[in-house]
Amino acid sequence: MHFSLDAVTTTALALLLLAIGAGLKRRLKWLEHFCVPTPVVGGFGFALLAWLLRDLGLVTFELDTAMQSPLMIAFFTTVGLGGSLALLKKGGKALGVYLVACWLLALMQNGVGIGMASLLGLDPLIGLMAGATSLEGGFGAAAAFGPEAEALGAQGATTAAIASATFGMIIGGVIGAPIARWIIDRRQIPIEAEDVHDLEKLTAEERPTVASIDGPMLLRVLAIVVPIMVLGLWFKESLATHLGIILPSYVGAMFVAIVLRNLNDRFHWVSMPDNALSSLGDVALGVFLTMAMMNLKIWQLQEMGGSLLLILLVQTLAIVFLGVFVLFRLLGRNYDAAVLTAGFIGHGMGATPNAVANMSAVCEHYRVISHKAFIIVPLCGAVLIDIVAIPAITWCLNAFA
């Protein structure tokens with residue numbers, strides 16, 4: 001039996017699974033204790049069920065995930081609208097440290113992948129597909145570079161890349177938040193973001209605003225967010241057309257949102273309550289990531305050989321080591337550093353939305369938001385990392401062909 005779900009039905013199912021995930025987190029305390037992101041609970045649970053039904057030859061599903069992109073853009077627009085420079089003026093050093101760590105991770109993942117593949121008697125390009133190509137690069141880079149590697153003689157490179165991206169998406173969404181919680185509890189880190197100290201120095205106009213969320217308030221927020229999404233898409237297309245600069249769709253919206261937020265802080269055009277923006281962003285992220293998780297084709301992992309699995313396990317240990325013992329310490333060993341470490345593991349193994357879900361789970365657990373982390377991670381993980389990652393992958397493709 002085959003079920004083909006249209007975009008509306010797929011979105012409705014994602015909402016239902018997100019609600020089920022939230023209910024399970026309330027009932028199963030261990031999920032809350034380990035900070036497992038709510039979208040992972042519901043979405044990955046469906047992916048496991050789909051895998052089982054497919055394996056038994058009973059039911060297959062085809063999902064229309066057309067709403068994923070708008071939801072992702074909506075979320076990152078709310079992130080940008082929360083990016084007050086008054087709150088983030090002290091984040092320059094952390095941004096630099098985090099970005100350099102991302103660049104080092106890209107080089108390390110390529111080195112580990114190629115080195116392990118050579119030791120195991122595999123084509124080095126297969127190891128490259130299990131490196132930054134599919135882990136930091138995600139499904140997009142895996143689908144782009146896999147055929148290129150096959151054209152250079154690496155048989156099965158596309159399958160290895162997609163399987164590795166699937167593995168990374170799952171692992172990145174599962175271990176990031178629990179590791180951050182372990183760091184915080186083990187070191188007994190004070191639960192406060194660095195921004196808290198900055199708030200004491202802000203004027204009344206600069207402080208985060210809070211308002212009751214009702215129908216008119218939601219209408220006002222949507223009337224702000226949706227036009228910014230459109231402006232962001234126009235900005236992205238303009239850069240591509242006139243300057244040849246290619247950016248992910250949501251980056252343009254986030255950039256426009258940051259600019260407009262800080263202009264609004266100065267000129268006070270409209271009231272943008274931070275709690276309303278945050279609530280809208282949480283829902284958009286939750287549905288998007290649930291949809292991404294439920295569409296995972298876990299059976300692709302069955303096609304991985306033991307050698308590829310071993311490479312990916314070593315990659316997992318490597319990023320945990322780099323995050324916990326290097327990045328966390330360089331960032332100051334505080335609460336912000338722990339949240340950033342959760343994000344680092346999320347996008348270093350999966351994707352930027354993975355990272356944000358990890359950070360959201362940690363902040364929800366401790367009830368303190370790290371504003372700095374929510375600006376630094378999307379900016380580095382989605383855009384700035386490619387300054388090193390893409391050239392490094394390209395060089396390795398040519399060097400080891």
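Residues numbered from 1 in each chain as written. Predicted model: local features only at pLDDT ≥ 70, side-chain atom pairs only at ≥ 80, totals over all residues. Heavy atoms only, no water.

Going by the annotation in an unreviewed UniProt entry, the name recorded for the chain is Sodium/glutamate symporter, with Halomonas saccharevitans given as the source organism. In its Subcellular location (unreviewed entry) section, the UniProt record describing the chain reads: "Cell inner membrane". The UniProt entry for the chain carries this comment under Sequence similarities (unreviewed entry): "Belongs to the glutamate:Na(+) symporter (ESS) (TC 2.A.27) family." (UniProt positions renumbered as here; feature names shortened; annotations may be inferred.)

(A) Representation of the overall build of the chain in the model. On a plain count of helices and strands, the chain comes out with 18 helices and two strands. Within the chain, the proportion of its 401 residues that are buried is 52%. The long-range share in the chain, meaning contacts at least 24 apart out of those at least 6 apart in sequence, stands at 80%. Entry remark: accessible area of the chain is about 17,500 Å², with carbon and sulfur atoms responsible for 67%. (Helix = DSSP H or I, 4+ residues; strand = E, 2+ residues; numbered from the N terminus. Buried < 20%, exposed > 50% of the residue type's maximum accessible area, 1.4 Å probe, protein only. Contact = heavy atoms within 4.5 Å. Areas by Shrake-Rupley, 256 points an atom, 1.4 Å probe, with all protein chains shown as cover.)

(B) Quick peek at a nonpolar patch on the surface. Taken together, L16, I20, L24, L28, W30 and F34 make up a surface patch of nonpolar side chains, about 540 Å² in accessible area. It is helix 1 (residues 7-27) that contributes the most residues to the nonpolar patch, three residues altogether. (Patch = residues over 30% accessible without salt bridge, like charges linked within 9 Å, V, L, I, M, F, W, Y side chains within 5 Å. Salt bridge = Lys/Arg side-chain N within 4 Å of Asp/Glu carboxyl O.)

(C) Representation of the packing of helix 4 (residues 68-81) against helix 11 (residues 215-242) within the structure. Following both chains from N to C, one finds helix 4 and helix 11 inclined at 105°, their axes separated by 9 Å at the closest point. Relative to helix 11, the element helix 4 is oriented roughly perpendicular. In contact with P70, I73, A74, T77, T78 and L81 of helix 4, helix 11 contributes I224, V225, I228, M229 and L233. Residue composition of the contact of helix 4 with helix 11, grouped by class: nine nonpolar, two polar and no charged. (Axes fitted to C-alpha atoms, helices over the stretch in contact; angles between N-to-C directions. Parallel < 35°, antiparallel > 145°, perpendicular 65-115°, else oblique. Nonpolar A, V, L, I, M, F, W, Y, C, P; charged D, E, K, R; others polar.)

(D) Region of the structure containing the confidence of the model for the chain. Chain-level statistics for the chain give a pLDDT mean of 83 and a share of 89% at 70 or above. Mean pLDDT across the elements of the chain ranges from a minimum in helix 10 (residues 195-199), with 47, to a maximum in helix 14 (residues 306-330), with 93. Confidence over residues 196-207 falls short of pLDDT 50; this stretch has 13 contacts with residues more than four positions distant or in other chains. (pLDDT = per-residue confidence, 0-100.)

(E) Spotlight on the pattern of salt bridges. Applying the stated criterion to the full structure yields one salt bridge. With its nearest N and O atoms 2.6 Å apart, the salt bridge here joins R181 to D185. Of this pair, R181 and D185 both sit in helix 9 (residues 157-187), four residues apart, which is roughly one turn of the helix. Given a relative accessible area of 37%, D185 falls into the partly exposed group.

(F) Seen up close, unusual backbone geometry. Despite not being glycine, Q188 has its phi angle at roughly 50°, a positive value. If you trace the backbone, Q188 turns up in the loop between helix 9 and helix 10. Positive phi outside glycine occurs at R367, with the angle close to 60°. Structurally, R367 is set in the loop between helix 16 (352-366) and helix 17 (371-384). Overall, the relative accessible area of 74% leaves R367 in the exposed class.

(G) Inspection of the packing of helix 1 against helix 3 (residues 38-55) at higher detail. As a packed pair, helix 1 and helix 3 sit with axes 7 Å apart at the nearest point and diverge in direction by 120°. Taken together, the axes of helix 1 and helix 3 are oblique relative to one another. Crossing geometry of helix 1 relative to helix 3 is assigned as right-handed. Within the contact between the two elements, helix 1 uses L13, L17, L18, G21, A22, L24 and K25 and helix 3 uses T38, P39, V41, G42 and F46. (Left-handed = near helix turned anticlockwise from the far one by under 90°.)

(H) Quick look at a positive patch on the surface. Side chains of R186, R187, R329 and R333 sit close together on the surface and give a patch of like positive charge. A relative accessible area of 34% means that R187 is categorised as partly exposed. (Lys, Arg positive; Asp, Glu negative; His and termini not counted. Charge placed at Lys NZ, Arg CZ, Asp CG, Glu CD.)

(I) Representation of helix 14. Helix length check: helix 14, at 25 residues, gives a terminal C-alpha distance of 35 Å against a target of 36 Å (1.5 Å per residue), a fit within 8%. Considering bend angle alone, the principal kink of helix 14 is centred on G323 and spans about 35°. Within helix 14, the full set of buried residues consists of L308, I311, L312, Q315, T316, A318, I319, L322, G323, V324, L327 and F328. (Expected span 1.5 Å × (residues − 1). Bend = angle between axes of the 7 residues up to and from the residue.)

(J) Quick look at the nonpolar core. Judged by nonpolar contacts, the single largest core of 126 residues is most densely connected at Y98, Y335, F344 and V362. For V362, the residues in contact, after removing those within four places along its chain, are C35, A177, A180, I184, Y335, V339 and A342. (Core = buried A, V, L, I, M, F, W, Y, C linked by side-chain atoms within 4.5 Å.)

(K) Region of interest: the packing of aromatic side chains. Going through the model one piece at a time under the given rule, you end up with nine aromatic pairs. Between F235 and F255, the ring centres sit 5.2 Å apart and the planes meet at 15°, which makes this aromatic pair stacked. One end of the pair, F235, is in helix 11; the other, F255, is in helix 12 (residues 249-267), and 20 residues separate them in sequence. Overall, the relative accessible area of 44% leaves F255 in the partly exposed class. With 6.2 Å between their ring centres and 85° between their planes, Y335 and Y366 make a pair best called edge-to-face. Taken together, the positions of Y335 in helix 15 (residues 335-349) and Y366 in helix 16 put the pair 31 residues apart, joining distant regions of the chain. Each member of the pair, Y335 as well as Y366, carries the same accessibility label: buried. Of the aromatic side chains, those joined through ring pairs into one cluster are F3, F46 and F61. (Phe/Tyr/Trp six-rings, centres within 6.5 Å; stacked < 30°, edge-to-face > 60°.)

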